Amino acid sequence: MTTSTLIAIVVVVALVLALAVVAGVVLNRRRRISLREKDETEARPEVKGGGYQAGGGFSFASGAATAEPETARTAESSAPEHPVEERTEVEGQPGVGDDAAVPRDTERRGIVDVELPEDTATAEPAAEPTAEPEVPAQPEPEPAAAEPVAPPEPEKPEKPAAEPEEIEPTSGRLERLRGRLSRSRTTFGQSLLGLLGAGDLDEESWEEIEDTLLMADLGAATTTEIIERLRGEIASRAVRSPEEARAVLREVLVDALGQDMERSVRALPHGDPADGGKPAVLLVVGVNGTGKTTTTGKLARVLVADGRTVLLGAADTFRAAAVEQLATWGERVGAEVVRGNEGADPASVAFEAVSRGGDSAVDAVLVDTAGRLHTKTGLMDELGKVKRVVEKKAQVDEVLLVLDATTGQNGLMQARVFSEVVDVTGIVLTKLDGTAKGGIVFQVQRELGVPVKLVGLGEGPDDLAPFEPGAFVDALLD
Ligand SMILES: Nc1nc2c(ncn2[C@@H]2O[C@H](COP(=O)(O)OP(=O)(O)OP(=O)(O)O)[C@@H](O)[C@H]2O)c(=O)[nH]1
């Protein structure tokens, strides 16, 4: 082999190596999405706002217009099944992930049949079975401590004594309270914007975006869906600038929140109450301390501010303080309160509240129920009974499940059990002001298929807002 042949071979090998290196670099560049080459002249993609038409205010609807006809349940079909193996409790004690403190509903007391008032004969629907389901065979721990308590008659409704106070305007609440979402905004919204706007989006960046979504409690399924959509949209729209990436992010998040979900609170009466129409009936349910009583009071204020008359039913008879708390809310807005003594049968109080609401021709009856751990089968059955007893008198238009946004996965577990027992129609997510995990909104809706209708953003009396996907996402991203 001559020297010139050798040189030729070396040159060819060097050329092939150089070509391979260049091809590798080009391929790697193509896989990245660069946001650095901002083209100011390109028009930003139009971003659609949320489809929910609350217009910044609360949206109320009549149950008659939207509620599905209630079918009378039989005791057999409505008795929820809670096989022992599915329970998270261990011998009645909270399990991992449950409330650490011994809940007040560990108090033992028998569940008694309710003596319904006289007018039950005229009540509807007639198909309700006369026998309430038996207390499940699974006994509460320490059954010997259970004392049969005769259901005291609900007390006479109280007329508020104090002058009703000023109520913050109900429109634009989410706008006004958007600052309360600052913790979620910092750890969720701003992290995402930082990652998407930082420049080259390689696999590592997408992993970080995924982690951010998971940390904010969006859940694995929603996170995967959002990442896939984001990747697709950013690539297909040839997104170049951080502003464009933000617009795409907003659109994807708003869509993931379900723009078409019906979020009106069914709190408007069926016809004119002054002319024989019936009040709307709302039950407020949830675990201890999630904010049921507070939410009931806040909602009453919104309705009163909108010119509606309200009656409050204090069916949280486990805790005298809860009854007092609701009575105070009633006084503050000039609403009548029907209350029972501590230990009174909650179903009896709820029934009386609905009867009284009809007699007083109010627009809405809001019934605050006792908090109960979702793991307590007997107490959950009792909640089902509250609803069935109320249905003897009137259609229940709305069952609002109050969930504490700071409890994460445990909140979801609660939601599943409650919706088995009482057909939850809307979620109120409270304490969003105290958490960085605002992403729970996405997960809870997806898991339950029930819309988040209201959000609690503070302890103040007017810190309740209607949930609007567009405004919520804006609050997270701005
Ligand atoms: N920060 C914040 N605190 C809230 C919110 N909603 C309720 N709270 C507080 O949560 C605590 C419990 O609220 P309650 O309304 O008493 O809860 P509950 O579910 O009725 O409790 P039980 O009667 O024990 O079942 C109170 O201190 C409320 O002020 C909210 O949106 N944000």
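Okay, so let's go over this structure. As the structure is a computational prediction, the values presented were derived from the model and not from experiment.

A few words on the packing of helix H6 (residues 203-215) against helix H7 (residues 220-236). A pair of packed helices is characterised by two quantities: the angle between their axes and the separation of those axes. Viewed as axis vectors pointing N to C, H6 and H7 meet at an angle of 140°, and their least axial separation amounts to 9 Å. Between H6 and H7, the crossing angle belongs to the class labelled oblique. For the element pair H6 and H7, the recorded crossing hand is right-handed. Contact residues: H6 offers Glu203, Trp206, Ile209, Glu210, Leu213 and Leu214, while H7 offers Ala220, Thr223, Ile226, Ile227, Leu230, Arg231 and Ile234.

Aromatic rings in a pair are described by how distant their centres are and how their planes are angled relative to each other. Taken as a whole and assessed by the stated rule, the structure comprises three aromatic pairs. Seen from the ring of Trp329, Arg332 lies directly overhead, with NZ or CZ sitting 5.3 Å from the centre.

Counting 80 residues, the largest nonpolar core has Phe188, Ile209, Ile427, Leu429, Leu432 and Val455 as the members making the most contacts within it. Lining this core are residues from two domains, each supplying at least three of them: domain 1 (60-66 + 152-171 + 262-477) and domain 2 (176-256). Discounting chain neighbours no more than four positions away, the residues touching Ile427 are Leu401, Leu403, Val444, Leu448, Val450, Pro451, Val452, Lys453 and Leu454. Counting residues in each nonpolar core, the second largest holds 28 residues, with Phe60, Val302, Val402 and Leu454 among its members.

Tracing the sequence through the fold places Val473 in helix H15 (residues 469-477). The spacing of Val473 and Val252 is 221 residues in sequence and 9.9 Å in space, taken between C-alpha atoms. Beyond its immediate stretch of four places on either side in the chain, Val473 contacts Arg250, Leu253, Val254 and Leu257.

Turning our eyes to something else, we now look at the side chain of Glu233. When you line up the elements, Glu233 lands in helix H7. With relative accessibility at 18%, the residue Glu233 sits in the buried group. The residues touching Glu233, leaving out its near neighbours within four places in the chain, are Val239, Val248 and Val252.

Bringing unusual backbone geometry into the picture now. We note that Asp217 has phi near 70°; this positive angle belongs to a residue other than glycine. For Ala361, which is not glycine, the phi dihedral falls at a positive 55°. Here Ala361 shows up in the loop between helix H11 (346-359) and strand S6 (364-369). For Ala361, a relative accessible area of 29% gives the class partly exposed.

Across a sheet, strands are paired by hydrogen bonds formed along the backbone, either parallel or antiparallel in direction. Here we have eight strands laid out as an open sheet, ordered S5-S4-S6-S3-S7-S8-S9-S10, and mixed in their pairing. Edge positions in the open sheet fall to strand S5 (336-339) and strand S10 (464-466), since each of these has one partner strand only. On average, adjacent strands in this sheet sit at an angle of 25° to one another, irrespective of strand direction. Bridge analysis of strand S9 (residues 452-456) against S10 gives three bridges, and the strand direction is antiparallel. Across the sheet, residue Val455 finds its bridge partner in S10, namely Ala465.

The rules behind these values
Residues numbered from 1 in each chain as written. Predicted model: local features only at pLDDT ≥ 70, side-chain atom pairs only at ≥ 80, totals over all residues. Heavy atoms only, no water. Axes fitted to C-alpha atoms, helices over the stretch in contact; angles between N-to-C directions. Helix = DSSP H or I, 4+ residues; strand = E, 2+ residues; numbered from the N terminus. Parallel < 35°, antiparallel > 145°, perpendicular 65-115°, else oblique. Left-handed = near helix turned anticlockwise from the far one by under 90°. Contact = heavy atoms within 4.5 Å. Phe/Tyr/Trp six-rings, centres within 6.5 Å; stacked < 30°, edge-to-face > 60°. Lys NZ or Arg CZ within 6 Å of the ring centre and 35° of its normal. Core = buried A, V, L, I, M, F, W, Y, C linked by side-chain atoms within 4.5 Å. Buried < 20%, exposed > 50% of the residue type's maximum accessible area, 1.4 Å probe, protein only. Domains from an automatic or database assignment. Pairing = 2+ DSSP bridges.

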